[in-house]
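# Reading the structure
Residue-level listing of the chains:
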Amino acid sequence: MQKKLKASSLLQAVFVCLLIGTLCFGMLLMSSYNSLFQKRTLQKTQLQLTNDSAIQLMLANLTKIKDGAIKTNVFSDHIHTDIKVSDWGFYKVLCAKTYHKSDTIQKNILVGEITKPTTALYVSNYDKILNVAGNVTITGNMYIPKGILEKKNMHGERTNVNIQGIQKTSEDRLPRLYNMNTKTIFKSDSVSTIETIGKAQTYVRAFDKDTQVFMTNDLSFLEGKTIKGNIIFQSDGTVTLRRNMKLEDVIVNAKNVVVEEGFIGNVQIIASTSVIIEDKVQLKYPSSILIQEPKEAAKITIGKESMLIGGIILNNSNHKAALKSALLIDEKATVVGTVYCYGAVELKGNVYGSVYADRLNTKTNETSYANLLMNAEINISKLPESFIGIPLFDTNEAHISSYEAVKEL
């Protein structure tokens, strides 16, 4: 005799079938999503690889590329990259955007010319032998008047000189700089107002956008703020960078620039008359100072215990103007990079890199001495191997140049 199934058993069977069906659908859905995720991850990886390869290709051919935008297809496939190259102070900005359909990878990098300098000290030859006194260390090749260093005991103190490198006779003029067209730095489609930054504590301007220029003699609206990126602060007077401002990758262009004691940041400074870096300032890599062909006497001061990593250029149009210009690197101050001064250099601190000076002077409490280097270190061996400084010369046999990324922006 056959048993009859209860209605509840039928419902249970249907429920089990639905449960099994749901589990199977879920597994299929998870497999589909996993496949899609792997495909998207692979696509992103391929975009990233193409973007990095495009950047390396551009770096290898940067001298052949003029400022502007180009399109490239690195691997001759369906993925394309838009490249934009523009000047940014002593460096260039390379913006690379790689895309396929709705996927996009973008990277902005600061690019500079990497060099391998061998010259530690170059002083113009005016037939006056260069004197050294106190504790002096020079590591690297020297080009000096008559190719001779002469020890001089000051105030009865013993002179200790450590020289490592060849000594040759210099020319009567510093090597000429390449033609720096700094005017192109300040082009922008729009001049921004203070209200653009507003009350934001952190303000970032990406380098794939138009440069923002703020024309003002008063930067007090930046106090307590962090400002980064594609921004130029421009003034026809004197501007002061306060210690409670945090600036990174920006350009400051003014007649006179003062950096307050205790300031820490990364800034390219371009002035027409003077730059005063007060004591205990840290201008991080890559920072720089430029005074190019001033109309009047120009002066740069690096205060005690301050540090600048990048480079300094003070260049005049003629010798008459150079006689009025001076650069002071004070006690325990350090510059990492190249110092070029078509004027008088007073070095009391350290330069880890190269010094090109029309003249070297030293002042004491009693008097001033011409052609004297005292208690200083110039050491090219302490320049980091991968250091990318500011470009100086069109051609120089002592340099082997190529372009590399300074930092990602």
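### Points about the pattern of salt bridges
Enumeration over the complete set of coordinates arrives at eleven salt bridges. Glutamate 260 is the partner of arginine 242 in a salt bridge, and the nearest nitrogen-oxygen pair spans 3.2 Å. Placement of the pair is arginine 242 in the loop between β16 (238–241) and β17 (246–259) and glutamate 260 in the loop between β17 and β18 (264–277), with a sequence separation of 18 residues. Accessibility expressed as a relative area gives 33% for arginine 242, which makes it partly exposed. Measuring nitrogen to oxygen at the nearest pair gives 3.5 Å for the salt bridge that ties lysine 348 to glutamate 346.

### So, a negative patch on the surface
Together, Glu261, Glu278, Asp279 and Glu305 give the surface a local cluster of negative charge. The class of glutamate 278 is partly exposed, set by a relative accessible area of 31%.

### Observations concerning a nonpolar patch on the surface
On the surface, a cluster of nonpolar side chains totalling about 490 Å² of accessible area is made up of Phe15, Val16, Leu19, Ile20 and Leu23. The residue phenylalanine 15 is located in helix α1 (residues 7–60) in this model. Overall, phenylalanine 15 belongs to the exposed group, its relative accessible area being 56%.

### With respect to the pairing of β17
β17 sits mainly inside the fold: eleven of its 14 residues count as buried. Judged from the three bridges that link them, strand β14 (residues 226–229) and β17 form a sheet pairing that is parallel. Bridge pairing links threonine 226 to lysine 246 in β17. In terms of strand pairing, strand β15 (residues 231–234) meets β17 through three bridges, oriented parallel. Bridge assignment links isoleucine 232 to a residue of β17, and that residue is isoleucine 251. Bridge analysis of β17 against β18 gives ten bridges, and the strand direction is parallel. Its bridge partner lying in β18, alanine 254 is registered against alanine 271.

### A look at unusual backbone geometry
Cis geometry marks the peptide bond from tyrosine 285 to proline 286, where omega comes out at -5°. Position of proline 286 relative to the elements: it lies in strand β19 (residues 282–292). Unlike most non-glycine residues, lysine 280 shows phi in positive territory, near 55°. With respect to the element layout, lysine 280 can be found in the loop between β18 and β19. With relative accessibility at 46%, the residue lysine 280 sits in the partly exposed group.

Rules behind the numbers
- Each chain carries its own residue numbering, running from 1 in the written order of its sequence.
- Given that the model is predicted, a residue must reach a pLDDT of at least 70 before its local features are reported, and side-chain atom pairs must reach 80 or more before they are shown or counted; all residues, however, enter totals for whole chains, interfaces and linings.
- Just so you know, side-chain values use all the structure's heavy atoms and leave hydrogens and water out.
- The salt bridge criterion pairs a side-chain nitrogen of Lys or Arg with a carboxyl oxygen of Asp or Glu, the two atoms within 4 Å.
- By the criteria applied, helices consist of DSSP H or I runs no shorter than four residues and strands consist of E runs no shorter than two, each listed in order from the N terminus.
- Using a 1.4 Å probe on the protein chains alone, a residue whose accessible area is under 20% of its type maximum counts as buried, one over 50% counts as exposed, and one in between counts as partly exposed.
- The patches reported here contain residues having more than 30% relative accessible area and no salt bridge. Joining distances are 9 Å for like charges and 5 Å for nonpolar side chains (Val, Leu, Ile, Met, Phe, Trp, Tyr).
- Only the protein chains shown count as cover for residues, and all accessible areas are computed by the Shrake-Rupley method using a 1.4 Å probe.
- Within this scheme the basic residues Lys and Arg register as positive and the acidic residues Asp and Glu register as negative, but His and the chain ends are omitted.
- We put the charge of a Lys on NZ, of an Arg on CZ, of an Asp on CG and of a Glu on CD.
- One requirement defines pairing of two strands: DSSP has to find at least two bridges between them.

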